[in-house]
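In case you want the letters, here they are:
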Amino acid sequence: MKTISKLLLAAALVAPAATVATSAQAQVNGIAVADPQGAIAGSRAWTAARQQIETTYKTQLDQVEARRAAISRELDTLVQAFQTARAAPNANQAALRTQAEQIQAKQQAGEQEIGRLAAPAQRAQAYAVEQIQARLGEAVQNAVRAKNVSLLVSPQAVLFMQPTADITSAVTAELDKLVPSVSTTPPANWQPGQQGQQGAAPAASPAAPATTAPAPARRQNSGR
């Protein structure tokens, strides 16, 4: 079953871009690239947390997919009826506006329903990610020291690089040391952002990464 993949950060892995320096130049000049989201997504802690979330919230995630499919079918029927009515000679514009409003209302209600169903899994995801992200800055600094990097940039900041200039996997390895596992059960009063954000986005100077919990969508490559 193809479900919920954008809910899970692993789906957010992006093939990094790269620096204009060659591999040798990157090593000599101390220039490297790292993708903070990719580093988190590749970590053992997140992999285990994702699997735990999929298991713990399987009922809710299945409901999300069932309702998403049902709402999509309902919307398709309404849209087809609207298009047929609009194509008719002397179409009633007032009736068309009413139909369009009904479609919009149905879509908004569906999004709200899916959001409510997905909320527990999204909250667990946010809690797991935040625990890993809290150590991201330290992991980046450790990788930078180990690789003798003097300038670290994000994939979005470069146009080309040799693969060896990418140290995302090194950051992930440091995260695995610092955060071997995380909890997927938030405290009752926990809200996203309560933990201090100690993570640093790869850049010339440390900065907190903008890692947010993606909206619910379909799981990829977790076929059932």
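Rules used throughout
- Residues numbered from 1 in each chain as written.
- Predicted model: local features only at pLDDT ≥ 70, side-chain atom pairs only at ≥ 80, totals over all residues.
- Heavy atoms only, no water.
- Helix = DSSP H or I, 4+ residues; strand = E, 2+ residues; numbered from the N terminus.
- Buried < 20%, exposed > 50% of the residue type's maximum accessible area, 1.4 Å probe, protein only.
- Contact = heavy atoms within 4.5 Å.
- Areas by Shrake-Rupley, 256 points an atom, 1.4 Å probe, with all protein chains shown as cover.
- Axes fitted to C-alpha atoms, helices over the stretch in contact; angles between N-to-C directions.
- Parallel < 35°, antiparallel > 145°, perpendicular 65-115°, else oblique.
- Left-handed = near helix turned anticlockwise from the far one by under 90°.
- Nonpolar A, V, L, I, M, F, W, Y, C, P; charged D, E, K, R; others polar.
- Expected span 1.5 Å × (residues − 1).
- Salt bridge = Lys/Arg side-chain N within 4 Å of Asp/Glu carboxyl O.
- pLDDT = per-residue confidence, 0-100.

Some remarks on the overall build of the chain
And step 1. Of regular secondary structure, the chain possesses 7 helices and 2 strands.
And step 2. Within the chain, the fraction of its 224 residues that count as buried is 43%.
And step 3. For the chain, long-range pairs separated by at least 24 residues make up 87% of all intrachain contacts whose partners lie at least 6 apart in sequence.
And step 4. Carbon and sulfur atoms make up 53% of the accessible area of the chain, which totals about 12,000 Å².

Examining the packing of helix 3 (residues 44-56) against helix 5 (residues 93-133)
And step 1. Between helix 3 and helix 5, the least distance of the axes is 10 Å, while the angle of their chain directions is 165 degrees. Regarding the angle of helix 3 to helix 5, the classification is roughly antiparallel. Taken as a pair, helix 3 and helix 5 cross one another with a handedness that is right-handed. Along its contact with helix 3, which presents Ala45, Trp46, Ala49 and Ile53, the element helix 5 presents Ala121, Ala124, Gln125, Ala128, Val129 and Ile132.
And step 2. Class assignment for the residues of the contact of helix 3 with helix 5 results in 9 nonpolar, 1 polar and no charged.

Considerations on helix 3
And step 1. The first and last C-alpha atoms of helix 3 sit 18 Å apart over 13 residues, in line with the 18 Å expected at 1.5 Å per residue.
And step 2. In this fold, the buried residues of helix 3 make contact with helix 2 (36-41), helix 4 (58-87), helix 5 and helix 7 (168-178).

Thoughts on the pattern of salt bridges
And step 1. One pass over the full model with this rule turns up 8 salt bridges.
And step 2. Taking the shortest distance from any N to any O, the salt bridge between Arg50 and Glu54 comes out at 3.8 Å. Of this pair, Arg50 and Glu54 both sit in helix 3, 4 residues apart, which is roughly one turn of that helix. Here Arg50 matches Glu54 in class, with each residue buried.
And step 3. Between Glu113 and Arg67 there is a salt bridge whose closest N-O contact spans 2.7 Å.

Some thoughts on helix 4
Residues spaced three or four apart along an α-helix point in a common direction, a consequence of the helix completing one turn every 3.6 residues.
And step 1. The end-to-end C-alpha separation of helix 4 is 43 Å, in line with the 44 Å expected for 30 residues at 1.5 Å each.
And step 2. Leu61, Asp62, Val64, Glu65, Arg68, Ala70, Ile71, Leu75 and Phe82 are the residues of helix 4 that are buried.
And step 3. Where helix 4 is buried, its residues touch helix 3 and helix 5.

Digging into the confidence of the model for the chain
Parts of the prediction with low pLDDT should not have their coordinates interpreted in detail.
And step 1. Chain-level statistics for the chain give a pLDDT mean of 79 and a share of 74% at 70 or above.
And step 2. Between the elements of the chain, mean pLDDT differs from a low of 45, seen in helix 1 (residues 23-29), to a high of 97, seen in helix 3.
And step 3. Predicted confidence is poor over residues 1-28, with pLDDT under 50, and the contacts of this stretch with residues over four places away or in other chains come to 90 contacts.

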